Amino acid sequence: MATTISPRSPDHGMIPGVAEQCPADVSLEMFRRMCRSRYFDEQAFLASKAGHLKSLIYLSAGQESVAAAISTVMKGSWIFTQHRGHAPYLTFGGNATKLMDELIGLPSGCCGGMGGSPCIHDPDIRMIGHEGLIAEHVPIAVGAALADPGSTVVCFFGDGAVEEDYFFGALGFAATHKLKILFVCEDNDLSVLTPTTDRRSWQIQDVARSVGIRAVDITDDPWLVRHHAKELAGELPAFINCRTCRCYWHVGAGKDGPPEWDRFALVKQKLDELGLGGEAGKLETQMKEEIELLWKSRLQTLSAT
Ligand SMILES: Cc1ncc(C[n+]2csc(CCOP(=O)(O)OP(=O)(O)O)c2C)c(N)n1
Ligand SMILES: [Mg+2]
C-alpha cells in the first residue's frame, strides 16, 4: 500500500533526483544565500538579546531556503514581503549593512532606521516595505503587477495572512487579469502561536486553484522550490505553498522549542551527498565570518555615537 507523506514533513512533495539535476554552481549559490540569511539572523538574535536593537525583530532563520531558491529564478522582480522579510531581502541581494543599521535604528538603515525589521523597504532591489497589517501588501503587490506588466512580482506572506478577506480579492484579481505575479506562502503552520488546524478547515492551494491559478504545495527543500518556481515562472500568476519551520519565536529573540525539521542541516547533508560538501563548507565559513564582522563593526558604530 502506498504511504502518504504528511504535508508537515521535510519530504512533502519531493521529486527524487531534483537536487542531482541542478547545476553545481546553482546549488552552491542557493546555499550561499541561505548562509547569508542564517548568519545574519543568528547575529541579530544575539544583538537583540544584548539590547542593541531598536527594532522588534522577526527572524527568518529556519525558513531561508524558500527565498534563497526563489531568488535564483525570479531575478529583477518587484519583491513584497510581510514582517518576516530578512531572508527575502538578503537572498535577493539586499545590502546587509543597511539592514543591520535599520534594526539598530540608524539613519543609514534601509528605511532611515524608522521602519525596523517588519517594514524592510529598499528601492535599490525593488523591495517594497510592509506596513503592519498582515497581507496588506498582497493587493499592493497585485497592483504593482498590473501597473508594470513588463516586470514580474514575487509576493511572500505567511499561512496566517491568507485568511484575510483582501487576500482573496487580490488573488482573484491577479487570476482574472493574468498578472505576472508569483505568490509564495511561507507556511510555518503558525499565526503567532496558533496552528493552522485551529484556524481553518481549508487549504490555500485549493483556493488558488479554484480561481484558475496553478498552485503547488511542497516542502522547503530549495532544489524542489527552485524546480517549481522555474516551471511556474512561465505560467504566472502562480502559487507556491511551502511548508517550512521557523527556528525562533514569532517576534523577538527566543525559542519555542526545536523546529519540526532543520532544513539548513538537511541541505548541508545533501550537498555532501552531491560531492559539494568541501566547497559548501568554505562558503559557509566565509559567509559566517563576513556577516559576523559586519555586525561587529555596525555595533561598534552604535557604541561610538
Ligand atoms: C490584519 C492583522 N491582524 C492581526 C495582526 C497581528 N499579527 C501580526 S503577525 C500575525 C501572524 C501572522 O502569521 P503568518 O502570516 O503566518 O506569518 P508568520 O509570522 O508565521 O511568518 C498576526 C496575527 C496583524 N498584524 N494584522
Ligand atoms: Mg505563519
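Residues numbered from 1 in each chain as written. Chains lettered and ligands numbered in written order. Predicted model: local features only at pLDDT ≥ 70, side-chain atom pairs only at ≥ 80, totals over all residues. Heavy atoms only, no water.

(A) Summary view of the sheet that holds strand β1 (residues 78–80). Here six strands make up an open sheet; going across it, the order is β2-β1-β3-β4-β8-β7 and the pairing parallel. Two strands in the sheet have a free side with no partner beyond their single neighbour: β2 (127–128) and β7 (214–219). As defined by bridge partners, strand β3 (residues 153–158) adjoins strand β4 (residues 181–187) across six bridges and the pair is classed as parallel. If you follow Phe 156 over to β4, its bridge partner there is Val 184. Across the sheet, helix α8 (residues 222–233) is in contact with β7 and β8 (238–243); its angle to β7 comes to roughly 175°. (Pairing = 2+ DSSP bridges. Helix = DSSP H or I, 4+ residues; strand = E, 2+ residues; numbered from the N terminus. Contact = heavy atoms within 4.5 Å. Axes fitted to C-alpha atoms, helices over the stretch in contact; angles between N-to-C directions.)

(B) Inspection of the coordination of the magnesium ion (ligand 2) at higher detail. The coordination sphere of the magnesium ion (ligand 2) contains the protein donors Asp 159 (OD), Asn 188 (OD1) and Leu 190 (O), at a distance range of 2.1 to 2.2 Å. Counting gaps between the donor residues of the magnesium ion (ligand 2) yields the pattern D-x28-N-x1-L. Relative accessible area serves as the criterion here: at 7%, Asn 188 is assigned to the buried category. (Donors = N, O, S within 2.8 Å, 3.2 Å for Na, K, Ca; no water. Buried < 20%, exposed > 50% of the residue type's maximum accessible area, 1.4 Å probe, protein only.)

(C) Region of the structure containing the pairing of β8. By the criterion of burial, β8 is predominantly enclosed, with six of the six residues buried. Side chains Ala 238, Ile 240 and Cys 242 project from β8 onto one buried face, and the interleaved Phe 239, Asn 241 and Arg 243 project onto a second face that is buried too. Where β4 meets β8, six bridges bridge the pair, whose relative direction is parallel. Residue pairing for β8: Glu 186 is matched across the bridge by Cys 242. With α8 bridging β7 and the parallel β8, this β-α-β connection has right-handed handedness. (Right-handed = clockwise from strand over helix to strand, strands pointing away.)

(D) Spatial organisation of the nonpolar core. Residues Phe 40, Ile 70, Phe 156, Ile 240 and Trp 295 are the most contacted members of the largest nonpolar core, which totals 66 residues. Broken down by element, this core gets its largest block of residues, eleven residues, from helix α1 (residues 24–49). Contacts of Phe 40, omitting those with residues within four sequence positions, involve Cys 35, His 86, Leu 90, Ala 96, Leu 99, Met 100, Leu 103, Ile 291 and Trp 295. Among the nonpolar cores identified, the runner-up in size contains 27 residues, and Phe 80, Cys 155, Cys 185 and Ala 208 belong to it. (Core = buried A, V, L, I, M, F, W, Y, C linked by side-chain atoms within 4.5 Å.)

(E) Quick look at the site of ligand 1. In the vicinity of ligand 1, 17 residues are found, and the nearest of them are Gln 82, His 83, Arg 84, Gly 132 and Gly 160. The contact in question runs from an oxygen atom of ligand 1 to an N or O atom on the side chain of Gln 82, over 2.8 Å. Note that an oxygen atom of ligand 1 is positioned 2.8 Å from one of the side-chain N or O atoms of Arg 84. Class assignment for the residues of the shell around ligand 1 results in six nonpolar, eight polar and three charged. (Near = heavy atom within 4 Å. Polar contact = N/O pair within 3.5 Å; in protein donor to acceptor, adjacent residues only side chain to side chain. Nonpolar A, V, L, I, M, F, W, Y, C, P; charged D, E, K, R; others polar.)

(F) Region of interest: the packing of helix α5 (residues 137–147) against helix α6 (residues 165–176). Where α5 contacts α6, the two axes come as close as 8 Å, and the packing angle between them is 20°. One way to sum up the angle between α5 and α6 is to call them roughly parallel. Our pair here, α5 against α6, has a crossing hand that is left-handed. On α6, the residues touching Val 138, Pro 139, Val 142 and Leu 146 of α5 are Tyr 166, Phe 167, Ala 170, Phe 173 and Ala 174. Along the lines of polarity and charge, the residues of the contact of α5 with α6 split into nine nonpolar, no polar and no charged. (Parallel < 35°, antiparallel > 145°, perpendicular 65-115°, else oblique. Left-handed = near helix turned anticlockwise from the far one by under 90°.)

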